[in-house]
Structures are given as C-alpha cells and as structure tokens.
Amino acid sequence: MEKTVNQKAWFLVLPVLLLVAFSAVIPLMTVVNYSVQDTFGNNQFFWAGLEWFEEMLRSERMWDALGRQLMFSGIILAIEIPLGIFVALNMPKSGFWSSFCLVLMSLPLLIPWNVVGTIWQIFGRVDIGLLGYTLDALGINYNYTQDILAAWVTIIVMDVWHWTSLVALLAFAGLKSIPDAYYQAAKIDQASRWKVFRFIELPKMMGVLMIAILLRFMDSFMIYTEPFVVTGGGPGNATTLLSIDLVKMALGQFDLGPAAAFSIMYFLVILLISWVFYTVMTNLDKREG
Amino acid sequence: MDWMAWTWPTAIFFAVIASLLITFTVLAIKFPETPRTGILRIETTRGDRLFITLLGSAFINLAWLGIVGAQQPYALIVCLIYAAAVFRWV
C-alpha cells in the first residue's frame, strides 16, 4: 500500500538550521555577494556582474587544478577502497587481537591534519628523514621538492596512510553485521573463498562501502592541509589542488571576486557529487530493505 | 549587514530561493504526497524535484556562460524548460 509521507519531522531540525545559518549559510551568501563584485579592500565594492564567473570558466589555471584534483581523488579511492577491504577481511574477527587491531588502526585518524603533513614532510626529507634517506641510500632519486612524480607519490602515500584505516574500519563493521548463517550456507554449497566474498561479503558491505567512498571522495576533493604542508603545491604547480589554488587566489593575491566565483563552482561540484552518492545510497537501502 | 556586501541582484536571487523553499514547505504540509519514481528510477518528492531543478539550473547557467556567453536571460528560459521537465518526468 502506498503511504503519503509526513515531512513534519523536518521541523525538528530547525535549531540546527539556525546554527548552520551562522556557520555556513550566511558566509556562503556573502561569498555569492563577493562573486559579483570587485573590491580593492576597505570594504568598498564595485559591481562586476558575471565577469568573474566567465573569467574562471575560461581560466586554464582552474581547469588544471580541477584535473589534478580529480586525478588525486581517483587515485586515492582506487587504492584505499580495495586496500581497506583487504585489511578488514584479514583482521581477527573477535577477541583481544581484534580490539587491538581496531585501536591501532584508529591512531592515524586521530592525528591532526597539519601534524600528518609535518610527519611526512620530515619523513621524506633526504637529509634527515628515514624514508628519503633510505631511498637515497638505495640509489633511488627521490626528492619531493623538485621531482613531480616524487611529490605525487608522497602525497598519495600519505593520504593512503592517513585514511585507509577509515575504510577498513567501515568495511570491518559491515563484515561483522553478516549473520553466521550465510557462511554456513556457503560452506554447505562448497563455495570458494572468492565466491563467498563476491556473493555474500561484498553485497552485504555495499552500504558501508558507499559511505566510505562518499566520505573519502569528499574529504580528498576538499583536501588542503596535508599537501600544503608537504609540498606547498609544488614543484611549480604540480600538486596545487583546488583548495590550495583557491587559498592562493583569495588570501595570497586577495582576488576576492574571482576566488568567490571559483568557490561557488567548487561548492556546486561537491554538492552535485554528494547528492548523486546520497541518492544511490538511499536507493540501495530501499532495494535491500 | 554592510560586511556581507549585499547587492540588489543577489538579494533578489536569495529572496526567490527563500520564497521557493517556503512555498514548498507550505505545500508539503497542506498537501502531503506520495513519493514517485520517474525516469531517473529514484523515488522523489516535490522537495527532491525542486533540489534537482535548482542544482541543475546552476549548472545550466554556468554552461551557458562558458559556452554561449553572458546572456543569462536565455539560460533562464532553458532552466524553466528543464524545471518543467523535472517536475513532469523525474
């Protein structure tokens, strides 16, 4: 039977809305106001219309940053999701070692982002860092301040180190929720390890994996602190991701108008992708439920 | 409010969005509805369709600006057609 949906419960989120108004909605409205004006400081503004949007849409700098950003998010997702699942599958399922693994894996998640950046910045240095020194001693040319490939490898490995645990923890939670009966049935059918994974574990983990992908995508798409601390966007502009470019434009050059137009487009892309993920997720839930 | 650097066009823009949200809130209370499944094969309510319309319109406007140039009134016509399509078929 089809039921009408009562949406009145949404009124209960009004207090939150009020808080969010101050922390997000009003600043965002201000950004929209900035994006159609020009300023030379002193809180004086001049009408510019859609000029900044046009300029940004035609700016190679923004498209390049977007390309780098998509590449970064794509690569870390392609590594972290399978690796996280692999780790979760191989974790002890119960007892002391299970808790031990869980605590150990949460540790990178607890470290502040700028500290993660600093750790890797020092770790990779050729003169005093363990990683950089070792690679150098092995005769591998590794210098993340000058070599583009080295810089990319460093920020990707850093992100994998920092966030794979999150995927693993989510995947582990998904695995734990599978009733034993499924495994027993698979055993009776003499299903192979791969088939157990493919037809039992993976479908049952789908919900949490979607959350993991969404979280990792959004976080990596908005990443600023870690690559900024490690490479500062260099060498050249090789690791200048969207937010690094945005901060350079808004605070470094004080181009408030173009930066505002840039942030609105950035925000729209994130909003679109989040909506797509959210819709896919809720629809998966409904089909399963 | 000076620090927010208000202009008339942006004020009107936000007023339109706010009034749309209020209208749809009132509609949702007065006339509760059944979510339906359209061509995107996802369940949508009126509010969802409004969101899809607004988000899509933003991208239509940007695309128009990037490809055709700054003639937004025409882009707005495309947006209205798009909105009608979303409310009819999605």
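Being a predicted model, the structure only gives us computed values, none of them experimental.

Novice: Just to check I follow, could you spell out the overall build of chain B for this structure?
Specialist: Check the secondary structure of chain B and you find three helices and two strands. Traced from its N-terminal end to its C-terminal end, chain B shows the element sequence α-β-β-α-α. A globule of 90 residues ought to have a C-alpha radius of gyration of about 12 Å, yet chain B, at 15 Å, is considerably larger. With respect to the three principal axes, the spread of C-alpha positions in chain B is 40 × 35 × 15 Å. Across chain B, every contact between residues at least 6 apart in sequence was considered, and the portion connecting residues at least 24 apart equals 48%. By element, 74% of the accessible surface of chain B is carried by carbon and sulfur atoms, the whole surface being about 5600 Å².

Novice: Teacher, can you tell me more about the overall build of chain A here?
Specialist: When its secondary structure is counted, chain A shows twelve helices and two strands. Seen in sequence order, chain A has helices and strands lined up from the N terminus as α-β-β-α-α-α-α-α-α-α-α-α-α-α. Seen through its principal axes, chain A has C-alpha atoms that stretch 75 × 70 × 30 Å. Here chain A, with 289 residues, has 39% of them falling under the buried criterion. Sequence separation of 24 or more characterises 66% of the internal contacts of chain A that already satisfy a separation of 6 or more. For chain A, the accessible area works out to roughly 16200 Å², and carbon and sulfur atoms hold 69% of it.

Novice: I'm lost on a nonpolar patch on the surface in this one. Help?
Specialist: Where nonpolar side chains cluster on the molecular surface, the patch consists of Trp10(A), Val13(A), Val16(A), Leu19(A), Val20(A) and Val25(A) and spans about 570 Å² of accessible area. Counting through the fold element by element, Val16(A) comes out in helix α1 (residues 14-35).

Novice: What am I meant to see in the packing of helix α8 (residues 180-188) of chain A against helix α9 (residues 193-221) of chain A here?
Specialist: Residue and element names in this part refer to chain A. Two elements in contact, α8 and α9, have axes separated by 11 Å at closest approach and are oriented at 165 degrees. With respect to α9, the axis of α8 lies roughly antiparallel. For the pair α8 and α9, the sense of crossing is right-handed. Facing Tyr 182, Tyr 183 and Ala 186 of α8, the residues of α9 in contact are Val 196, Ile 200, Glu 201 and Lys 204.

Novice: Help me understand the interface of chain B and chain A in this model?
Specialist: Much of the literature gives interface size as the accessible area that the parts lose upon coming together. With 30 residues of chain B at the interface, the matching set in chain A holds 33 residues. Together, the buried faces of chain B and chain A total about 2800 Å²; carbon and sulfur atoms form 74% of this surface. On the chain B side of the contact with chain A, Met4(B), Leu62(B) and Leu65(B) bury the most area, a combined 18% of that side's loss. Remark: the boundary between chain B and chain A carries four residue pairs in polar contact (both at pLDDT 80 or more).

Analysis parameters
- Residues numbered from 1 in each chain as written.
- Chains lettered and ligands numbered in written order.
- Predicted model: local features only at pLDDT ≥ 70, side-chain atom pairs only at ≥ 80, totals over all residues.
- Heavy atoms only, no water.
- Helix = DSSP H or I, 4+ residues; strand = E, 2+ residues; numbered from the N terminus.
- Rg over C-alpha atoms; globule rule 2.2 N^0.38 Å.
- Contact = heavy atoms within 4.5 Å.
- Areas by Shrake-Rupley, 256 points an atom, 1.4 Å probe, with all protein chains shown as cover.
- Buried < 20%, exposed > 50% of the residue type's maximum accessible area, 1.4 Å probe, protein only.
- Patch = residues over 30% accessible without salt bridge, like charges linked within 9 Å, V, L, I, M, F, W, Y side chains within 5 Å.
- Salt bridge = Lys/Arg side-chain N within 4 Å of Asp/Glu carboxyl O.
- Axes fitted to C-alpha atoms, helices over the stretch in contact; angles between N-to-C directions.
- Parallel < 35°, antiparallel > 145°, perpendicular 65-115°, else oblique.
- Left-handed = near helix turned anticlockwise from the far one by under 90°.
- Buried area = accessible area lost by both parts, 1.4 Å probe.
- Polar contact = N/O pair within 3.5 Å; in protein donor to acceptor, adjacent residues only side chain to side chain.

Any link to function would need more than the numbers given here.
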